[in-house]
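Here are the chains, one letter per residue:
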Amino acid sequence: QGAWPRPVSDGPGHDQNPLPSPDGRRVVYVHRPLDDFNRSDIHLADLETGAVIHLTGTPGYHDYGPRWSPDGKWIAFICQEDGHDDLWMVKPDGEGLHQVTKLGYDIAQYAFSPDGKQIALTVIRQGSFDLFIREQDEGVVLPEIEPLGRGDQPVRLGQRAVPQRVARVRER
């Protein structure tokens, strides 16, 4: 026999795109507050304690597409900041927020490799969707890149661009 579903988000607002953690104890999701339609945040609900952690939340910014790293130590998401959709990461406790990409182009999709050592990125450049692979390295922001390939040709980021350390952490 089943049980009636129980609420896990704290509202008010629209909560969507839930994704359970690899261990099944937490759920990360997108929250859209009712008082700011030009905003979406990343929240995390602890299913054991009922606590909700607001991982992101900046007026005027859309954070969306959260995904867990395979080991559950990081949550990646896309943020619309500075005119482009870039990849950011944060730890489940809200610490360690940092920008992962700053390509000068929009990230359309991304996925972790099964071992979490690489991230595949679909980047929209000059009207084309291009696939990139980058090594997972906490705190690295990739500089703008030159067009290196088209369509289904994967390109390893870092072969032609030297990674730079994060110059600033986005304040929330």
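Cut-offs and rules
Position numbers for residues start from 1 in each chain and track the written sequence from start to end. In view of the model being predicted, local features appear only for residues whose pLDDT reaches at least 70, and side-chain atom pairs are presented and counted only at 80 or more, with totals across whole chains, interfaces and linings using the full set of residues. To obtain the side-chain values, all non-hydrogen atoms of the structure were used and water was disregarded. For two strands to count as paired, DSSP must find a minimum of two bridges between them. Helical segments are the DSSP runs of H or I of at least four residues, strand segments are the runs of E of at least two, and each set is numbered from the N terminus. For salt bridges, the criterion is a side-chain nitrogen of Lys or Arg within 4 Å of an Asp or Glu carboxyl oxygen. For the exposure calls, accessible area comes from a 1.4 Å probe over protein chains only, and a residue counts as buried if that area is under 20% of its type's maximum, exposed if over 50%, partly exposed in between. For this analysis, a polar contact is any N or O atom pair within 3.5 Å, provided that within protein one partner can donate a hydrogen and the other can accept it, and provided that sequence-adjacent residues contribute only side-chain to side-chain pairs.

1. What to know about the sheet that holds strand S8 (residues 98-99)
Paired through backbone hydrogen bonds, the strands of a sheet run either parallel or antiparallel to each other.
Now for step 1: Overall, antiparallel pairing links the 4 strands, which are arranged S5-S6-S7-S8 in an open sheet. At either end of the open sheet lies a strand with only one pairing partner, and these are strand S5 (62-68) and S8.
Now for step 2: As paired strands, strand S6 (residues 75-81) and strand S7 (residues 84-90) are joined by 7 bridges and run antiparallel to one another. Bridge assignment links glutamine 80 to a residue of S7, and that residue is aspartate 85.

2. As for the pattern of salt bridges
Now for step 1: Here the structure, examined in full by the defined rule, presents 4 salt bridges.
Now for step 2: Across the pair arginine 25 and aspartate 23 runs a salt bridge, and its minimum N-O distance is 3.2 Å.
Now for step 3: Residue classification places arginine 25 among the partly exposed positions, given a relative accessible area of 38%.
Now for step 4: We note a salt bridge from arginine 26 to aspartate 23, for which the minimum N-O separation is 4.0 Å.
Now for step 5: Residue class for arginine 26 comes out buried when judged on its relative accessible area of 15%.
Now for step 6: Aspartate 23 gets classed as partly exposed once you look at its relative accessible area, which sits at 44%.

3. Focus: the environment of threonine 101
Now for step 1: If you trace the backbone, threonine 101 turns up in the loop between S8 and strand S9 (106-112).
Now for step 2: In terms of polar contacts, threonine 101 uses its side chain to reach the side chain of aspartate 86, at 3.2 Å.

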